[in-house]
Amino acid sequence: MHAMSDPAASRPLLAIETSCDDTACAILAYDGTILAEGVLSQNDHAILGGVVPEIAARAHLDALPALVQSVLNKASLTLQDIDTFAGTTGPGLIGGLIVGSSYAKGLALALGRPFIAVNHIEGHVLTARLPSLEAGLQFPFLTMLVSGGHCQCISVEQTGQYVRLGGTIDDAAGEAFDKVAKMLGLGWPGGPALEKLAQEGHADAFALPRPLKGRDGCDFSFSGLKTAVSRLIEPLGSGALPRQFAADVAASFQQAVADVMADRAEHAIAMAPHTTALVVAGGVAANRPLRGTLETVAERHGIPFIAPPLRLCTDNAVMIGWAALERLHAGEHPNEIDVAARPRWPLAERHPAHSPS
């Protein structure tokens, strides 16, 4: 590995995240201090009602050079100062993954530095251990990962050691939020808009189903809930919905999701009784009512509840850099230039054998 004069304090790492529609770059010191970060959100997809993979990949390619330089400038560093590069290599949209990971690999090759291939889900899972959050989070802990593409309950035993206690069997929670928001005429991305509208509604206005609530295990299902909302709205036709009706639907739907997540968290704690904390991660973790519900569950079991700041819940490169650093801190010395981008990458599946750094 490239030697620096003060390896404990310097050795900065540059990370790139391009798994969906956000182009992100961050630079972290070896101890996890965030030196600079930047995220560019793509707006073109809102008109189309969802992420178009080809457009997203091209946008990443256009944005990366200037974004990387901007983040370097914020940190008062040059590329020659970077000791290690990391990039999201899966899971996600394959075009974006190839663009971002290839860009980071190219920089690493040009400078003779190592590259670390990071699992996007692992980034979300380990975010709560960032030193800047001052949570002092120790293994093992439970993470409820709730995002647009993923909904999983994971027991985090150690860096690289994860037990999947349950996951979605159809739509992820974030996908359900976006689809219901679209039904309500809120556009895309729908999660934040639905949460805002729900503040005007009554959570008990409609008796919506709580799929799998009370069932054994920690699996999730939101397809039936989404269908129930569709049936509520269908009699009103294709025109604009009355504001109060839409707000009541939004509030009722949001409460149903929160109730399901609380029930699944209860089951997860029962399945992992030695857990030190309950963590919520992923884009939907930015939903405040959901956070409040899970915090109540944690309090009931006498364990801490940890939720990263909102900016670190949605896709970002800080989490990718920290996941790479966790591996370095654990004594690994990976150089994974030869690891290909993967649209599917189960968290429990480690990478191919590392080549020497």
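Above this text is the structure in question.
As the structure is a computational prediction, the values presented were derived from the model and not from experiment. (Residues numbered from 1 in each chain as written. Predicted model: local features only at pLDDT ≥ 70, side-chain atom pairs only at ≥ 80, totals over all residues. Heavy atoms only, no water.)

Draft legend 1. Layout of the environment of aspartate 62. Counting through the fold element by element, aspartate 62 comes out in helix α2 (residues 53–74). Remark: the alpha-carbon pair of aspartate 62 and leucine 109, spanning 47 residues in sequence, is separated by 21 Å. (Helix = DSSP H or I, 4+ residues; strand = E, 2+ residues; numbered from the N terminus.)

Draft legend 2. Here's a closer look at the packing of helix α5 (residues 173–183) against helix α8 (residues 243–271). One can describe the packing of α5 onto α8 by two numbers: an axis separation of 11 Å at closest approach and a directional angle of 170 degrees. As summarised for this structure, α5 and α8 are arranged roughly antiparallel, according to the angle between their axes. Along the contact surface, α5 presents Ala176, Phe177 and Val180, while α8 presents Phe253, Gln254 and Val257. Of the residues in the contact of α5 with α8, the class split is five nonpolar, one polar and no charged. (Axes fitted to C-alpha atoms, helices over the stretch in contact; angles between N-to-C directions. Parallel < 35°, antiparallel > 145°, perpendicular 65-115°, else oblique. Contact = heavy atoms within 4.5 Å. Nonpolar A, V, L, I, M, F, W, Y, C, P; charged D, E, K, R; others polar.)

Draft legend 3. Main features of the sheet that holds strand β7 (residues 151–158). Across the sheet, five strands lie side by side as β8-β7-β6-β9-β10; this open sheet has mixed pairing. Bordering the open sheet on either side are β8 (161–167) and β10 (305–306), each of which pairs with just one other strand. Pairing analysis gives six bridges linking strand β6 (residues 141–146) to β7, with the strands arranged antiparallel. By the bridge assignment, methionine 144 is partnered in β7 with cysteine 153. Lying on the sheet, α8 is in contact with β6, β7, β8 and β9 (278–281); it crosses β6 at an angle near 150 degrees. (Pairing = 2+ DSSP bridges.)

Draft legend 4. Examining the nonpolar core more closely. One finds Val146, Leu184, Phe222, Phe253, Met261 and Leu278 to be the most contacted residues of the largest nonpolar core, which totals 53 residues. At 16 residues, α8 tops the list of elements feeding residues into this core. Sequence-distant contacts of methionine 261, defined by excluding residues within four places in its chain, comprise Met144, Val146, Cys151, Phe220, Phe222, Leu290 and Leu294. In terms of nonpolar packing, the next biggest core, distinct from the first, is built from 36 residues, Ala26, Leu28, Met319 and Ala324 among them. (Core = buried A, V, L, I, M, F, W, Y, C linked by side-chain atoms within 4.5 Å. Buried < 20%, exposed > 50% of the residue type's maximum accessible area, 1.4 Å probe, protein only.)

Draft legend 5. A look at the packing of α5 against helix α7 (residues 223–233). Remark: α5 packs on α7, axes separated minimally by 10 Å, with the N-to-C direction vectors making an angle of 5 degrees. On the basis of the axis angle, α5 is roughly parallel to α7. Here Lys179, Val180 and Met183 of α5 come into contact with α7, specifically with Lys226, Val229, Ser230 and Ile233. Taken together, the residues of the contact of α5 with α7 sort by class into four nonpolar, one polar and two charged.

Draft legend 6. Spotlight on the state of the cysteines. Tallying each qualifying case throughout the model produces zero disulfides. The structure places no disulfide on cysteine 25, whose sulfur is separated from the nearest cysteine sulfur, that of cysteine 20, by 18 Å. A disulfide-free cysteine, cysteine 153 has its sulfur positioned 4.4 Å from the sulfur of cysteine 218, the nearest such atom. For cysteine 153, a relative accessible area of 0% translates into the label buried. (Disulfide = S-S within 2.5 Å.)

Draft legend 7. Layout of the sheet that holds strand β3 (residues 34–41). The five strands are arranged β3-β2-β1-β4-β5 in an open sheet whose pairing can be described as mixed. In this open sheet, the two strands that pair with only one neighbour each are β3 and β5 (115–119). On average, each strand axis in the sheet is inclined to that of its neighbour by 20 degrees, with strand direction left out of account. For strand β2 (residues 22–28) and β3, the ladder comprises seven bridges, and the chain directions are antiparallel. Residue leucine 28 lies in a different strand from β3, and its bridge partner there is isoleucine 34. Its contacts with the sheet place α2 against β1 (13–17), β2 and β3, and it is angled at close to 25 degrees to β2. Across the sheet, helix α3 (residues 94–111) is in contact with β1, β4 (84–90) and β5; its angle to β4 comes to roughly 155 degrees.

Draft legend 8. Focus on the layout of surface pockets. Volume-wise, the second largest pocket comes out at about 160 Å³. Forming the walls of the second largest pocket are 14 residues, and the residues nearest its centre are Met183, Leu184, Gly185, Ala240 and Leu241. Elements with a minimum of two residues in the lining of the second largest pocket: α5 and α8. (1 Å grid on protein atoms, 1.4 Å probe; cavity = no way out; pocket = protein on both sides within 12 Å on 5 of 7 lines; lining within 4 Å. Points joined across faces, edges and corners; volume = space filled by probe spheres on them.)

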